[in-house]
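Chains, contacts and geometry: an overview
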Amino acid sequence: MDKKQSWNLGYWLLASLLLLWLQALWQNTNQSEVVPYSAFEQALSDGRIADVVVNERTLTGRLKAPEGQKTVLVTARVEPDLAARLDKYQVPYTRVVESTWLKNLASWIVPSLVFFGLWFFLFRSFANKQGMGGFLSIGKSRAKIYVQTNTGVTFADVAGVDEARHELEEVVDFLKHPQEYGRLGAHIPKGVLLVGPPGTGKTLLAKAVAGEAGVPFFSISGSEFVEMFVGVGAARVRDLFEQARKMAPAIIFIDELDALGRARGAFPGLGGHDEKEQTLNQLLSEMDGFDSSVGLIILSATNRPEILDPALLRAGRFDRQVLVDRPDRKGRTDILKVHVRKIRLDAALNVEDVAALTPGFSGADLANLVNEATLVATRRKAD
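Rules of the game
Residues numbered from 1 in each chain as written. Predicted model: local features only at pLDDT ≥ 70, side-chain atom pairs only at ≥ 80, totals over all residues. Heavy atoms only, no water. Phe/Tyr/Trp six-rings, centres within 6.5 Å; stacked < 30°, edge-to-face > 60°. Helix = DSSP H or I, 4+ residues; strand = E, 2+ residues; numbered from the N terminus. Buried < 20%, exposed > 50% of the residue type's maximum accessible area, 1.4 Å probe, protein only. Patch = residues over 30% accessible without salt bridge, like charges linked within 9 Å, V, L, I, M, F, W, Y side chains within 5 Å. Areas by Shrake-Rupley, 256 points an atom, 1.4 Å probe, with all protein chains shown as cover. Salt bridge = Lys/Arg side-chain N within 4 Å of Asp/Glu carboxyl O. Lys, Arg positive; Asp, Glu negative; His and termini not counted. Charge placed at Lys NZ, Arg CZ, Asp CG, Glu CD. Axes fitted to C-alpha atoms, helices over the stretch in contact; angles between N-to-C directions. Parallel < 35°, antiparallel > 145°, perpendicular 65-115°, else oblique. Left-handed = near helix turned anticlockwise from the far one by under 90°. Contact = heavy atoms within 4.5 Å. Nonpolar A, V, L, I, M, F, W, Y, C, P; charged D, E, K, R; others polar. Core = buried A, V, L, I, M, F, W, Y, C linked by side-chain atoms within 4.5 Å. Polar contact = N/O pair within 3.5 Å; in protein donor to acceptor, adjacent residues only side chain to side chain. pLDDT = per-residue confidence, 0-100.

**Some points on the packing of aromatic side chains**
Summed over all chains, the structure comprises 1 aromatic pair. Between the aromatic rings of phenylalanine 217 and phenylalanine 253, the centroid separation amounts to 5.9 Å while the plane-to-plane angle is 20°, which identifies the pairing as stacked. A residue pair is termed long-range when its members are at least 10 positions apart, and phenylalanine 217 in strand E7 (residues 217-221) and phenylalanine 253 in strand E8 (residues 250-255) qualify at 36 residues. Given a relative accessible area of 0%, phenylalanine 217 falls into the buried group. Here phenylalanine 253 falls in the buried class, since its relative accessible area comes to 0%.

If you want it as structure tokens, here you go:
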């Protein structure tokens, strides 16, 4: 029996049971009659009732002989003294039984809803302050997903890091043509670690790889994995890799890897490292567990490679380390040319002279230099 037939059989069985219940309810309604208390007493005095069932609020009497379709008489209970006084006036009377089931239900449900709502509101406010997201999303990864059209960055926007760019072009080529690399039995490196001082363009390079390859780009900071709740970081690592596998080929970019991948046991005297170690162990397990042929590549960036755990840097995890250093004079010239595309320059300004005056500047420093110069020129009403 297939799934559809079993579903149809269950549907008809449920419908039959519902029909039988409705039929019994209808029959019970037709056979019982609600009468005033005086009429119930009259039936008792006439000897028409065989037996009586006494409830807290009602009296149910079974008739000795059916009267039409009716076999049961139902009335509300009335105090004997009150009934005797009313009988003197020879008028029919009855007692209305007020239904209190809704009030009883509300007396339980409303306080519960108020308590749960207050608790949910307070927990949600606390979770938002801690940066944990919603009530049911504590273990969910908060990686931002950039698709090709949303990165807005290609290798044309990256300058001054030609050597790093050439190494990452191979990653782009693999994501576009994975069959070519498997032709001779080779496999692409699972992880590429971008190492360099702050502001040299490591994150920009990762976005450029995703923009060139046209694949989903999962970007998350290493510090976002670790929370105050034990086990949350490991759950987020699992969720991140699960999302990426569903959208492969894809790129996972973990910025500030040193916040997550610090060497284990480096500070044994301090507490609070169990959560970080669990998160790191989960990351190591996930990197060992996926097949590089599916087109999933991990890019990470750090400016402190010396404090990373050796297990993270071994072959088979982060196979390659790409140095993204401060640019030389030619690199600074290329970076300045990228940043001055959208601003109005003085015709007499030579970008190469500016590059010669800025040794040791990183890409971020040069971008800030161009922006500050533009602000100064705007302040003095220049053209």
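**Considering a negative patch on the surface**
The grouping of Asp162, Glu163, Glu167 and Asp328 at the surface amounts to a negative patch. For aspartate 162, the position within the fold is in helix H6 (residues 162-176).

**Regarding the packing of helix H12 (residues 329-339) against helix H14 (residues 363-379)**
Each pair of packed helices can be described by the angle between their axes along with the distance between the axes. Axis separation between H12 and H14 bottoms out at 10 Å; the angle between their running directions is 45°. Relative to H14, the element H12 lies oblique. Considering only the axes of H12 and H14, their crossing is right-handed. In contact with Arg332, Ile335, Leu336 and His339 of H12, H14 contributes Gly363, Leu366, Ala367 and Val370. Taken together, the residues of the contact of H12 with H14 sort by class into 5 nonpolar, 2 polar and 1 charged.

**Section: the nonpolar core**
When a protein is soluble and globular, its nonpolar side chains tend to lie buried together. One finds Leu168, Leu175, Leu194, Leu205, Val209, Ile251 and Leu299 to be the most contacted residues of the largest nonpolar core, which totals 28 residues. When contributions to this core are tallied by element, the ones reaching two or more residues are H6, strand E6 (191-195), helix H8 (202-213), E8 and strand E9 (296-302). Ignoring anything within four residues of it in the chain, the contact list for leucine 299 reads Leu168, Val192, Ala206, Val209, Ile251, Ile252, Phe253 and Ile254. Of all hydrophobic cores here, the second largest spans 24 residues; its members include Phe241, Ala244, Ile252 and Phe318.

**Some points on the side chain of aspartate 309**
Mapped onto the elements, aspartate 309 comes out in the loop between E9 and helix H11 (310-313). Reaching out from aspartate 309, the side chain makes a polar contact with the backbone nitrogen of alanine 311 at a distance of 2.9 Å.

**Things to note about unusual backbone geometry**
The residue glutamate 256 is not glycine, and still its phi comes out positive at about 55°. For glutamate 256, the location among the structural elements is in the loop between E8 and helix H10 (274-289). Residue classification places glutamate 256 among the partly exposed positions, given a relative accessible area of 40%. A positive phi is found at lysine 381, a non-glycine position, where the angle reads about 60°.

**Section: the confidence of the model for the protein**
Per-residue confidence for the protein averages 75 on the pLDDT scale, and 74% of its residues sit at or above 70. The element-level mean pLDDT for the protein is lowest in strand E5 (residues 144-146), coming to 50, with H14 highest at 90.

**Focus on the packing of H6 against H8**
As a packed pair, H6 and H8 sit with axes 9 Å apart at the nearest point and diverge in direction by 35°. Between H6 and H8 lies a crossing whose hand is right-handed. Contact residues: H6 offers Ala164, Arg165, Leu168, Val171, Val172, Leu175 and Lys176, while H8 offers Leu205, Val209, Glu212 and Ala213. Residue classes in the contact of H6 with H8 are distributed as 8 nonpolar, no polar and 3 charged.

**Notes on the pattern of salt bridges**
Pairs can form between side chains of opposite charge whenever their charged atoms are close. Applying the stated rule across the entire model yields 6 salt bridges. Here arginine 165 makes a salt bridge to glutamate 169, at a shortest N to O gap of 3.3 Å. Residue arginine 165 and its partner glutamate 169 are both found in helix H6; the two are separated by 4 residues, about one turn of the helix. You can call arginine 165 partly exposed: its relative accessible area is 24%.

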